[in-house]
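Here is what each chain is made of, one letter per residue.
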Amino acid sequence: MEIIFRKLPDTRHDLEVRDRQGPDVRLMSQATGPTMPHDLVHAAVENALAITDGFWGATARGATFEGFETTAPTRHRRSGLKVLRRGGDAVMRAELCVNWAYRVWSGLSTEGRGVGRSPLDDRQVALACAALDRASERWAKVAEGETLTWHW
């Protein structure tokens, strides 16, 4: 599967997902965040931690998430929801892992009220943070209007 992130003006981006099970999909203009697109954070961390049933693994298997739309008309609009229903718990676990890794990497607090326990061990945190460093460097090199392609 190919994930194509395009850098837009005003710290925004869009993305297109090709060669997955199910139709190609796109996510229209989104706020990028302080460092890089959240979906790129997912790609980097899930890849580094070999999470195959998280957000991008589910997307590769044809899951449909809110905000994504098909790039061409299709008759099979509900099949992506079935994939997500079957793997939703794993996707949520991956979300927790990715968010924790991003919190550590970006220097946010990992202690205190409402933070909870880490879903990752020290080795996983180190792997994820190194992957985020590489993804951030790649994203920083992308000029406005250009793309970064991530192979899943």
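Residues numbered from 1 in each chain as written. Predicted model: local features only at pLDDT ≥ 70, side-chain atom pairs only at ≥ 80, totals over all residues. Heavy atoms only, no water.

Student: Let's hear about helix 4 (residues 122–140): which residues, and what values?
Tutor: A rise of 1.5 Å per residue sets the reference length of helix 4, with its 19 residues, at 27 Å; its end C-alpha atoms lie 27 Å apart and thus fit the reference within 8%. The N-cap of helix 4, judged by a side-chain oxygen 3.1 Å from the amide nitrogen of R123 a few residues on, is D121. (Helix = DSSP H or I, 4+ residues; strand = E, 2+ residues; numbered from the N terminus. Expected span 1.5 Å × (residues − 1). Polar contact = N/O pair within 3.5 Å; in protein donor to acceptor, adjacent residues only side chain to side chain.)

Student: Describe in detail unusual backbone geometry, supporting the description with residues and values.
Tutor: In this model, T11 sits at a positive phi of 50 degrees, which is unusual for a non-glycine residue. The phi dihedral of D19 is positive, around 60 degrees, even though this residue is not glycine. Take D19: it is sitting in the loop between strand 2 (12–18) and strand 3 (25–31).

Student: Just give me the short version of the pattern of salt bridges, but keep the residues and values in it.
Tutor: Tallied over the entire structure, the rule returns four salt bridges. A salt bridge links R18 to E2, with the nearest nitrogen and oxygen atoms 4.0 Å apart. Here R18 is found in strand 2, whereas its partner E2 is found in strand 1 (residues 2–8), with 16 residues between them in sequence. Taking relative accessible area as the criterion, R18 reaches 31% and is therefore assigned partly exposed. Between R6 and D14 there is a salt bridge, with the nearest N and O atoms lying 2.4 Å from each other. For R6, a relative accessible area of 35% puts it in the partly exposed group. When its relative accessible area of 11% is taken as the criterion, D14 is described as buried. One network of salt bridges, with partners in common, ties together E2, E16 and R18. (Salt bridge = Lys/Arg side-chain N within 4 Å of Asp/Glu carboxyl O. Buried < 20%, exposed > 50% of the residue type's maximum accessible area, 1.4 Å probe, protein only.)

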